[in-house]
Amino acid sequence: MESTITTQDLTKEIISNLSFEDTAPYSAYRKKALDAFHKTGLPDKKNEEYRFTPITAVLEKKINWNLENSESKISSITPFLINELDAYVIVLVNGKFSKEFSKLNQVEPGIKIKTLGEAWSTEKNLVEKHIDQLINCNNDPFASLNSALWQEGIFIHVDEAIKIKKSVLILHINDASASQIISHTKALVIIEREAELSLIEKSSSTGEENIFHTFSEELVIQENALLNYVKIQHDEGNLYQVATSAIRQSDNSKLNTFTLTLNGKLIRNNFNIVIDGENCESHFYGLYLLNGNTLADNHTVVDHTRPNSYSNELYKGVMDENSKAIFNGKIYVRPHAQKTNAFQSNRNILLTDTATINTKPQLEIWADDVKCSHGCTTGQLDEEALFYLRSRGISQATAKAMLLYAFAAETLEPIRDEVLKTYLDNLISERLHKNF
Amino acid sequence: MLTIKNLQAKIGEKPILNGIDLQVNAGEVHAIMGPNGSGKSTLASVLAGREEYEVTDGEIMYLGKNLLAFEPEERAGEGIFLAFQYPVEIPGVSTVNFMKTALNKVREYRGEPTLDAVAFLQLMKEKMKLVEIDQSLLSRSLNEGFSGGEKKRNEIFQMAMLQPKLAILDETDSGLDIDALRIVANGVNKLRTKYNATIVVTHYQRLLDYIVPDFVHVLYKGRIVKSGGKELAKELEAKGYDWIKNEVTVA
């Protein structure tokens, strides 16, 4: 694919502003990723994967690549935390690990949480075995950009047969109150056999200036292990974000995911799951409740490579005002993945004439003995249901909120932690003006 | 209680009600009968405030107020209740939460104190007995997966909870077997007082064996063409609607 002049220029401009510490053990990985980025370049209009998300044009207009990030002046992270949630907290402020704000004292035995840089010396073999494996740098320009430029990384490792009681919360804070912020952060999470982890990743930002944030994460779930994974995108700032999550499941592993997108100027989520084991179970849920001019793009891939596994994907959206959502869901069932059960559904409600959704479910099946379904719906609120509620004395606004809430809350189904569920429920209720 | 004068209504460009006159007083039960397409359900819908119908002429006075000026939710507050012919299934909204929200909104409207969880559950248990509805049904999503009979019982349960002054039962007998019909009718009868009124919209006489009307009106082509006592319903059952149609044509 040929880049346009602008795209090439921008790609060059980004690259020319780089400086690598050549001595770092990972500089070889950075250079490899950079080469890949150089080849693909930023996506232009002809790039099918970014067809409805004009991110290159937006970055060109909004981001100055010559500016240094400013230091954040935030004095407390309390507003960004999840109330009452007992969690180990890893805080990244403007792309840098904050020891001050992180809460990693008295971490229970069996889990290691450290910066990726540190892990690269203490756990070199493990890191080099997994890093940049699930993330395909040749495929997505932002994945390669992130792998080339990451400023900070997080490494989480759970030992065999250890069930971690507390959740782990990765908090990304981008503070653009003094100047524009560009941050690239990364995580590598390895859950060994029979281990269990609940991971929450929350993106929060403040300030008036623009923010460009890429976050890439690789999660390896070994045999019989369990991962509960929640991503919360609730940004007040002018955030342009590309978040990439790549997960690999081994035999008999279980995965529950939920992605909630509420704010941001432009949010692109690439969420790829490779079900590379038998008898795996994946519940893959998402909810986007958008307003203003927010654009949120969820690109998901569920790739069944082995037989006898089950995946169920449900993404729902409510678009208000001028917001725009994109959903692209791919399911692959490879030739060896017989007896696969794979389901996908994307349902949308548009509240205004100016809100839009582009949805594209894609199913590619090479195996012949499988059960698969996919579908998408787009509509308005059910007028008949609205009248039914109103005829019982419920005001139009409340009836509308009740129906939207009922529509949205179904996606919370995979959440097991009650504190987290209540927190998410409140975010949804607040957004939908549910006050009854 | 309710005075309808020369009511005319249309949906899209199609006129459906062509001048209805009706007087309903407190304590009375009125049956509205008529062949399919005569405008029975439209009349019920216009009374409840369904927005697809446009009232083109006439007036509806209810307890001295212009009913047509009220939103559907205000009508519920004013004491109007429509039992739907086809109650809507609403996944994700639990019947109990819905009922609590509705009841407290209506009580707020009427200037009555709202009920806390304990008082609400107590009232609910009491009203559940009235329509022989099971608790397990109420913890489910509103009408979702309910049988025809369960949906109609749920309508009467809601009516019992909201204590309307004027209840309109739209084809409540449709889709009911004889046992369900009796349970639903018993519920309605227990709710009758000299202070409230009921309009029963029905195609068949069967329901009127259980809910005995004081007046029967026959609707045809958007007009009430004949009114009488409960014996009129029997006559219709025996002769069908054709003699009414003929009578109208001759006149």
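Residues numbered from 1 in each chain as written. Chains lettered and ligands numbered in written order. Predicted model: local features only at pLDDT ≥ 70, side-chain atom pairs only at ≥ 80, totals over all residues.

S.K.: Tell me about the overall build of chain A, and name the residues and values.
M.R.: When its secondary structure is counted, chain A shows 9 helices and 19 strands. The C-alpha atoms of chain A give 21 Å as radius of gyration, which agrees with the globular expectation for 436 residues (22 Å, within 12%). By principal-axis analysis of the C-alpha atoms, chain A measures approximately 70 × 50 × 50 Å. For chain A, buried positions account for 52% of its 436 residues. (Helix = DSSP H or I, 4+ residues; strand = E, 2+ residues; numbered from the N terminus. Rg over C-alpha atoms; globule rule 2.2 N^0.38 Å. Buried ≥ 20, exposed ≤ 12 C-beta atoms within 10 Å, placed from the backbone.)

S.K.: Can you tell me about the overall build of chain B, naming the residues and giving the values?
M.R.: Counting secondary structure elements, chain B contains 9 helices and 12 strands. For 251 residues, the compact-globule estimate of 2.2 N^0.38 gives 18 Å, and chain B sits close to it at 18 Å. Reported as C-alpha extents along the three principal axes, the dimensions of chain B are approximately 60 × 40 × 35 Å. Within chain B, contacts between residues at least 6 apart in sequence are counted, and of these 71% link residues at least 24 apart. (Contact = placed C-beta atoms within 7 Å.)

S.K.: Break down the interface of chain A and chain B for me, citing the residues and quoting the values.
M.R.: Listed per partner, the contact involves 17 residues of chain A and 20 residues of chain B. Of all the secondary-structure elements, those providing two or more residues to the side of chain A that touches chain B are helix H7 (383-390) and helix H8 (396-409) of chain A. For the side of chain A that touches chain B, the per-class residue count stands at 9 nonpolar, 4 polar and 4 charged. (Nonpolar A, V, L, I, M, F, W, Y, C, P; charged D, E, K, R; others polar.)

S.K.: Requested: an account of the nonpolar core, with residues and values cited.
M.R.: Of all hydrophobic cores here, the largest spans 188 residues; its most connected members are Leu169(A), Ile191(A), Ala408(A) and Ile168(B). For this core, the leading source of residues is H8(A), giving 9 residues. Both domains that furnish three or more residues to this core are identified here as domain 1 (5-276) and domain 2 (382-436) of chain A. Beyond its immediate sequence surroundings of up to four residues, Ile168(B) is in contact with Ala44(B), Leu47(B), Ala48(B), Phe81(B), Leu82(B), Ala83(B), Ile199(B) and Val201(B). (Core = buried A, V, L, I, M, F, W, Y, C linked by C-beta atoms within 7 Å. Domains from an automatic or database assignment.)

S.K.: Any chance you could break down helix H3 (residues 95-109) of chain B for me, citing the residues and the numbers?
M.R.: Residues and elements named next belong to chain B. End to end, H3 covers 21 Å across 15 residues, agreeing with the expected 21 Å (1.5 Å per residue, within 8%). The complete set of buried residues in H3 reads Thr95, Phe98, Met99, Lys100, Thr101, Ala102, Leu103, Lys105 and Val106. Looking at the packing, one finds that the buried side of H3 touches helix H2 (72-78), strand S7 (90-94), helix H4 (117-130), helix H5 (135-138), strand S8 (141-142) and helix H6 (148-162). Backbone geometry just after H3 places Gly111 at a positive phi near 75°. (Expected span 1.5 Å × (residues − 1).)

S.K.: Account for the pairing of strand S14 (residues 295-304) of chain A, naming residues and giving values.
M.R.: Residue and element names in this part refer to chain A. With 8 of its 10 residues buried, S14 lies for the most part within the structure. As defined by bridge partners, S14 adjoins strand S16 (residues 324-333) across 10 bridges and the pair is classed as parallel. Residue pairing for S16: Asp297 is matched across the bridge by Ile326. (Pairing = 2+ DSSP bridges.)

S.K.: Could you give an account of unusual backbone geometry, with specific residues and numbers?
M.R.: Comment: phi is negative for the bulk of residues other than glycine, and the bulk of peptide bonds are trans. The residue Asn252(A) is not glycine, and still its phi comes out positive at about 60°. Judged by C-beta crowding, with 19 C-beta atoms within 10 Å, Asn252(A) ranks as partly exposed.

S.K.: Pulling in residues and values, what's your account of the sheet that holds strand S3 (residues 29-33) of chain B?
M.R.: Hydrogen bonds between backbone groups are what pair the strands of a sheet, and the pairing can be parallel or antiparallel. Residues and elements named next belong to chain B. Taking strand neighbours across the sheet as the criterion, the 6 strands line up as S6-S9-S10-S3-S11-S12 in an open arrangement whose pairing is mixed. Each of the sheet's edge strands pairs with one partner strand only, and the pair in question is strand S6 (80-83) and strand S12 (223-228). Across the sheet, the mean angle separating the axes of adjacent strands is 20° when strand polarity is ignored. Relative to strand S9 (residues 166-170), S6 runs parallel, the two sharing 4 bridges. The partner of Ile80 across the bridge, within S9, is Leu166. (Axes fitted to C-alpha atoms, helices over the stretch in contact; angles between N-to-C directions.)

S.K.: Can you explain the packing of helix H2 (residues 27-40) of chain A against helix H6 (residues 141-149) of chain A? Please cite residues and give values.
M.R.: Packed helix pairs are characterised by how far apart their axes lie and by the angle those axes make with each other. Residue and element names in this part refer to chain A. Here H2 crosses H6 at 150°, and the two axes come no closer than 7 Å. Here H6 runs roughly antiparallel to H2, going by the angle between their axes. Remark: the crossing between H2 and H6 carries left-handed chirality. Between H2, through Tyr29, Arg30, Ala33, Leu34, Ala36, Phe37 and Thr40, and H6, the contact on the second element is made entirely by Pro141, Ser144, Leu145, Ser147 and Ala148. Here the contact of H2 with H6 is composed, by residue class, of 8 nonpolar, 3 polar and 1 charged. (Parallel < 35°, antiparallel > 145°, perpendicular 65-115°, else oblique. Left-handed = near helix turned anticlockwise from the far one by under 90°.)

S.K.: Explain the domain arrangement of chain A residue by residue, including any values.
M.R.: All names here are of chain A. Splitting chain A by domain gives domain 1 (5-276) and domain 2 (382-436). Using only C-alpha atoms to locate each centre, domain 1 and domain 2 end up separated by 31 Å. Contacts between domain 1 and domain 2 engage 14 residues on the former and 12 residues on the latter. For the side of domain 1 that touches domain 2, the secondary structure elements donating two or more residues are strand S7 (196-206), strand S9 (226-233) and strand S11 (254-261). Sorting elements by how many residues they give to the side of domain 1 that touches domain 2 places S11 first, with 3 residues. In terms of residue class, the side of domain 1 that touches domain 2 is built from 7 nonpolar, 6 polar and 1 charged.

S.K.: An account of the packing of H4(B) against H6(B) is requested, with residue identities and associated values reported.
M.R.: Residues and elements named next belong to chain B. Contact pair H4 / H6: the axes reach a minimum separation of 9 Å and the direction vectors enclose 135°. Of the possible angle classes, the one that applies to H4 and H6 is oblique. For the crossing formed where H4 meets H6, the hand is right-handed. Contact with H4, carried on its side by Leu123, Lys127, Met128 and Leu130, involves Phe157, Ala160 and Met161 of H6 and no other residues of that element. Counted by class, the contact of H4 with H6 contains 6 nonpolar, no polar and 1 charged residues.

S.K.: Hey, could you go over the sheet that holds strand S4 (residues 53-62) of chain B for me, with residue numbers and the actual values?
M.R.: All names here are of chain B. A sheet is described by the order of its strands in space; here 4 strands give the open sequence S2-S1-S4-S5, paired in antiparallel fashion. Bordering the open sheet on either side are strand S2 (14-24) and strand S5 (65-66), each of which pairs with just one other strand. Sheet topology note: the strand S1 (residues 2-11)/S2 ladder contains 8 bridges and is antiparallel. Pairing of Gln8 across the sheet is with Asn18, part of S2. Contacts from helix H1 (residues 40-48) reach S1, S2 and S4 within the one sheet, and its direction differs from that of S2 by about 70°.

S.K.: Explain helix H7 (residues 178-191) of chain B to me, and be specific about the residues and the numbers.
M.R.: Residues and elements named next belong to chain B. For H7, with 14 residues, the first-to-last C-alpha span of 20 Å sits near the 20 Å given by 1.5 Å per residue. Turning to H7, its buried residues number three or more, namely Leu181, Val184, Ala185, Gly187 and Val188. Projected down its long axis, H7 shows its buried positions confined to an angular sector of 155°, all on one face. Projecting away from the buried face of H7 at angles above 90 degrees are the exposed residues Ile178 and Asp179. In the core, the buried residues of H7 are packed alongside H4, H6, S9 and strand S10 (197-201). (Arc of directions from axis to C-beta.)

S.K.: Tell me what's going on with the environment of Glu218(A), and back it up with residues and numbers.
M.R.: Residue and element names in this part refer to chain A. By the secondary structure assignment, Glu218 is in strand S8 (residues 210-221). When the C-alpha positions of Glu218 and Arg248 are compared, they lie 8.2 Å apart, and in sequence the two are 30 residues distant. Discounting residues that sit within four places of it in the chain, Glu218 has contacts with His130, Gln133, Leu134, Ile135, Leu188 and Ala246.

S.K.: Go over the pairing of strand S1 (residues 87-93) of chain A, please, and point to the residues and values.
M.R.: Residue and element names in this part refer to chain A. Within S1, 7 of the 7 residues are buried, which leaves it mostly tucked inside the rest of the structure. Burial of S1 is two-sided: the residues Ala87, Val89, Val91 and Val93 facing one way and the residues Tyr88, Ile90 and Leu92 facing the other way are all buried. Note that S1 and strand S5 (residues 167-175) share 7 bridges and pair parallel. Paired with Leu92 across the two strands is His172, which belongs to S5.

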